[in-house]
Amino acid sequence: MYVGVDLGSRTIKIAAWQDGRMVGHNLQESGFEPHEQAREMITAYNPKQVVATGYGRHLAREHFADGVITEIKAHGMGIHAMLPQATTVVDIGGQDSKVITLNGNGQVTNFQMNDKCAAGTGRFLEIMATSLAYPLGDFGPAALASEQEIQINSMCTVFAESEVISMKNRGIPRQHIARAVHSSVADRIIAMLGRVGFAEFIAFSGGVANNPCIVQMVRTRLENVQVVVPENPSIIGALGAALEAARKDGQA
Amino acid sequence: MTHFEIKAYPEMWKDLDMDVERFDKMRLMLGEIYEKTYLSQKNRPAGMAYFDNMVAEIHGGRIKELLAAKEEGRPVIGTFCVYIPEEIVLAAGGVCVGLCGGSQGSVPDAEKILPRNICPMVKSAFGFKAGRICPYFQVVDFVYGETTCDAKKKTWEILDDMVPTHVMEIPQMKNQTDQDMWLAEVKAFKTKVESISGKEVTLAEMRQATRTMNNKRKALQRLNRLRHTNPTPISGKDVLLIEQIAFYDEPVRFAKEVNELCDELEKRISDNVAIPGKNAARIMVAGVPMALPNWKLHNLVEGAGAVIVNEESCIGTRYYKDLMDEDAEDMETILQNLTSRYMQIDCSCFTPNNERIDQVLKEYKESGAQGIIHYSLQFCHTYNIEEIRIRQACEKEGIPYMFIESDYSPEDVGQLQTRVEAFLEQIGE
């Protein structure tokens, strides 16, 4: 049994791999001692090898993991296993947004990642949802239901929040503001894709791929391109790490 | 790991009108960071001891030397740019020091006055003076600024209220009219320096100064050639430190020490002593200067198991790649030679700046690197935009390439670490 652990900024994900297929996965909100939590999450699988990825990867290696890879490589490997025809990966997590290009073997050939700014990340959506009093799960569907096109001009999380508050106080219905917030994230993804370049088959992974509005907006902004979300997009990084654990052991 | 401390000279600092209490805290912090960043490295060359000591004495021993020079009536001039012709300062018997500008610690002092969204190097430097926390700033007769960027040229006007600041106009193109203007600026600079020393610089003094600077640059070129060996005998962090110390050490002594270190490195190469490991990925850095103590990128890259083998930067090759003719027969010729030498500097403030693209590719080949990280400081428009052309050139040549824009604060270290490690994974595959 090979296990991959993805210690992300918001959640911990694990994926277990055996005999050429994924045999289990799990996701938890990350607490104060992520390495302890992650260690507990993997014990049930009694893994032969563990590879860690995500922000806490080095912490996990200090405590229990046998190896580490970056989220970039992990998402590349995970997507290649699930959707081998994809050579472009968009991964939007809690704290990072990335565009990764792969060769036919799932190896990373280029990538772009946001720097310290939170704009365009899951965290950005979360802050805006809170500001508009939506539970996170309702935020995307609400935005999707709105048909009003208004614009948020600021990409900085702090300034965008002020902009959202001022829209709220001008009496604009909140689902329209929600749509504007989603639009701004989708525009940012498109800009990043434009910078790196993309193929006609794009895979979308990371927690934000669960948001139906973002996915639809990215789709409508790209012509003649297929944007596919794998089943369980949040655990793709963990899956990639599990595959790396198997590969290290000569099992893949 | 031996304990490292930057030596304290509270009496002297007080005489220099510094904020002694605050500066002492910064001294302790810098000492700790240095210990962690530098002394934790395994298998360093013995010759690094001299440079460790230059850091230990950065706020003491070297300042005493500058004070002694001033006492003898020799000019002490603070600068921020590789365009300021050191040869002229040396010829006048003076001392040229690159001023502090590489620390997050002084940025809040600057942000009390300057806008926040400008280059961190300009803010850091300005903050060191505003907070009275840099002994070099306190010692200099004056600062010689230049016009290589908008943030700098407008900051000089404000800085002038705190320390006499003169400005040299650096051309932005390389046409004949620009060269003529630059020669006039060099002459004006010479006159200004002479006004401090109280005597005119002679041809013999200019020739001697030219030799001194050539020797210093040759020593750095030799060091850079030796580190290009695969596997490399010295860490990128150590070479970066030496390149940084080049801006405040006495040039003759510095060249001698660098050459002695090079002798040791040659021995290491023949004995097959490598740092850090024989299979470490080799990375070249290109871009903006890294003022002391900006070791952020080197620390990340080498912390991830790779080694930096070249700095295409003002702190690196841009400072020492060009030499000049030492044997001119008259002052006019030697000044013209000097002007031509400095016009070869391929700073991104020039347009067009095709020479730099070629230079980056040349250094990539010479250094045997496996990838380039282009490093820019936030809000540095010229390097940030020129990056596009560097990236295109790397794509065309099939060179693995990554661009990092950062400042001195630690807040983006997590993201940068991920990006650097992912880049190394990409090269390794």
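Definitions and limits used
Residues numbered from 1 in each chain as written. Chains lettered and ligands numbered in written order. Predicted model: local features only at pLDDT ≥ 70, side-chain atom pairs only at ≥ 80, totals over all residues. pLDDT = per-residue confidence, 0-100. Domains from an automatic or database assignment. Helix = DSSP H or I, 4+ residues; strand = E, 2+ residues; numbered from the N terminus. Nonpolar A, V, L, I, M, F, W, Y, C, P; charged D, E, K, R; others polar. Contact = placed C-beta atoms within 7 Å. Pairing = 2+ DSSP bridges. Axes fitted to C-alpha atoms, helices over the stretch in contact; angles between N-to-C directions. Buried ≥ 20, exposed ≤ 12 C-beta atoms within 10 Å, placed from the backbone.

(A) Spotlight on the confidence of the model for chain B. When pLDDT is averaged along chain B, the result is 96; 100% of the residues meet or exceed 70. For this predicted complex, the interface confidence reaches an ipTM of 0.91, while the overall pTM sits at 0.94.

(B) Broad picture of the domain arrangement of chain A. Residues and elements named next belong to chain A. Splitting chain A by domain gives domain 1 (1-83 + 233-252) and domain 2 (85-229). Centre-to-centre separation of domain 1 and domain 2, based on C-alpha positions: 25 Å. Residue contributions to the side of domain 1 that touches domain 2 peak at 8 residues, all from helix 3 (residues 71-82). Of the residues belonging to the side of domain 1 that touches domain 2, the class tally is 6 nonpolar, 8 polar and 2 charged.

(C) Expanded view of the interface of chain B and chain A. With 12 residues of chain B in contact, the opposing surface of chain A contributes 13 residues. The element contributing the most residues to the side of chain B that touches chain A is helix 19 (residues 413-428) of chain B, with 8 residues. Of the residues belonging to the side of chain B that touches chain A, the class tally is 1 nonpolar, 4 polar and 7 charged.

(D) Layout of the sheet that holds strand 8 (residues 401-406) of chain B. Residue and element names in this part refer to chain B. The 4 strands lie next to each other as 6-5-7-8, forming an open sheet whose pairing is parallel. Only two strands of the sheet have a single partner each, and these edge strands are strand 6 (307-312) and strand 8. When the angles between neighbouring strand axes are averaged without regard to direction, this sheet yields 25 degrees. Inspection of the sheet shows strand 5 (residues 282-287) paired to strand 7 (residues 371-377) by 5 bridges, in the parallel sense. When the bridges of strand 7 are listed, methionine 284 appears paired with isoleucine 372. Along the sheet face, helix 17 (residues 354-367) touches strand 5, strand 6 and strand 7 and points at about 150 degrees away from the line of strand 6.

(E) Representation of unusual backbone geometry in the model. A cis geometry characterises the amide bond from Leu292(B) onward to Pro293(B), with omega recorded as 0 degrees. Topologically, Pro293(B) is positioned in the loop between strand 5 and helix 14 (296-303). Unlike most non-glycine residues, Asn224(A) shows phi in positive territory, near 55 degrees. Using a count of 5 C-beta atoms within 10 Å as the deciding quantity, one classes Asn224(A) as exposed. In this model, Arg132(B) sits at a positive phi of 50 degrees, which is unusual for a non-glycine residue. Summarising the element assignment, Arg132(B) is placed in the loop between helix 7 (120-130) and helix 8 (135-139). Residue Arg132(B) is classed as partly exposed on the basis of its C-beta count, with 19 C-beta atoms lying within 10 Å.

(F) Geometry of the pairing of strand 8 (residues 108-113) of chain A. Across 5 bridges, strand 7 (residues 97-102) of chain A lies against strand 8 of chain A in antiparallel orientation. The residue bridging Leu102(A) from the neighbouring strand is Val108(A), located in strand 8 of chain A.

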